[in-house]
Amino acid sequence: MSRPTVQFIDDTRTAGEWLRAADELSQRVIHMDARTAYSRVREGEYEGTPFAAELSSLMFLAGEDKPLPHAAE
Amino acid sequence: MPITGRQPTECFNTFRDHLGPLLAATLGSRHAVVLRNDGDHRRQLTLGPPNALAGVKLDSSRGSFHFSMKQSLEVVPEREGSKLWRLKTREYRYAIYATDDELAEALLRWEYIAEPPAGKTWCKHHFQIGRLDRKAVTLPFNSGALDLNRLHTPTGFVLVEYVLRFLLTDMGVKPASVDWETVLEDSQEKFFKEFSGRTS
């Protein structure tokens with residue numbers, strides 16, 4: 001007997017469209033473009049916030065989550 | 001043994017079919033999961049409506065709070081030349097928020113990041129306590145204090161089953177089914193037997 005489950009909502013977009021979504025999010029919440037915002041998030045700014053988590057998710061889907069070059073000391 | 005499939009979609013569907021009943025039995029069927037994907041090899045699962053960055057609102061014996069669950073997954077060839085695909089977790093994040101403020105820190109969060117940003121040497125699997133009203137929660141330590149927000153306390157791989165149990169037992173969320181403990185135990189057992197090379 002199968003158990004009840006939850007609804008799964010599919011949301012398929014191209015990498016470019018996910019990057020656009022990231023830009024819209026970043027502009028709306030902290031008034032900057034996604035790549036600039038993401039670099040700050042990866043440095044620790046906005047750590048622990050829903051915004052940082054959502055931006056990271058969108059950048060992952062956009063394929064923009066490659067390791068950053070090592071920052072200069 | 002990880003989740004594998006002859007097509008990427010097969011891997012994602014196996015995971016989806018495992019997760020759906022688990023969430024329904026614990027938190028209830030009313031919370032949807034958004035499956036975001038790039039149409040190729042990446043999926044991102046998020047509990048709650050598409051625009052709810054802080055996740056779903058839960059009621060509990062401690063009052064209401066927000067719970068966010070995110071899993072970033074990708075499929076890779078099982079090995080070079082193989083026709084099989086294997087599911088990998090790139091990141092997971094389970095967080096408890098007091099409100100749905102998009103810039104408020106999570107009170108509690110469990111995270112796994114497969115590739116931390118360059119220069120970050122903390123444990124990939126960790127637990128953190130957030131700041132309250134932008135003030136750090138601290139522990140007296142020797143002549144100073146430990147800022148709990150800055151500690152990446154190691155955890156090991158945290159299953160979603162563990163966090164769901166925490167919500168029901170420690171945070172006082174009412175279980176959505178009477179057999180939730182059995183569902184959690186069965187789900188954990190299945191994970192270790194069928195989806196993972198881990199033993200605990």
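Structural data are supplied above this passage.
Presented here is an overview of the structure given in this document. (Residues numbered from 1 in each chain as written. Chains lettered and ligands numbered in written order. Predicted model: local features only at pLDDT ≥ 70, side-chain atom pairs only at ≥ 80, totals over all residues. Heavy atoms only, no water.)

## With respect to the nonpolar core
- Counting residues in hydrophobic clusters, the biggest one holds 48 residues, and the most contacted among them are L27, F67 and L167 of chain B.
- Counting residues per element, this core draws most heavily on helix α1 (residues 8-26) of chain B, at 8 residues.
- Those residues in contact with L27 of chain B, other than ones at most four positions away along the chain, are L47, L58, F67, L164, L167, L168, V173 and A176 of chain B.
- By size, the runner-up hydrophobic cluster in this structure holds 21 residues, among which are A21, F51, A52 and F60 of chain A. (Core = buried A, V, L, I, M, F, W, Y, C linked by side-chain atoms within 4.5 Å. Buried < 20%, exposed > 50% of the residue type's maximum accessible area, 1.4 Å probe, protein only. Helix = DSSP H or I, 4+ residues; strand = E, 2+ residues; numbered from the N terminus. Contact = heavy atoms within 4.5 Å.)

## Observations concerning the packing of aromatic side chains
All names here are of chain B.
- In this structure the tally under the stated criterion is 9 aromatic pairs over all chains.
- Arranged with centres 6.0 Å apart and planes meeting at 55°, the rings of Y112 and F157 form a pair that is tilted. With Y112 in strand β7 (residues 108-113) and F157 in the loop between β11 (153-154) and α2 (160-169), this residue pair connects regions lying 45 residues apart in the sequence. Grouping residues by exposure puts Y112 and F157 together as buried.
- In textbook terms, an aromatic cluster arises when at least three aromatic residues are bridged by ring pairs, as seen for Y92, Y94, Y112, F157, F191 and F192. (Phe/Tyr/Trp six-rings, centres within 6.5 Å; stacked < 30°, edge-to-face > 60°.)

## Re the pairing of strand β9 (residues 138-141) of chain B
Residue and element names in this part refer to chain B.
- In this structure, β9 lies alongside strand β10 (residues 144-147), joined through 4 bridges in antiparallel fashion. Bridge pairing links F141 to G144 in β10.
- With antiparallel pairing between neighbouring strands as the criterion, β9 and β10 make up a hairpin whose turn holds 2 residues, including N142 at a positive phi of roughly 50°. (Pairing = 2+ DSSP bridges.)

Everything listed is a geometric property; what it means functionally is a separate question.
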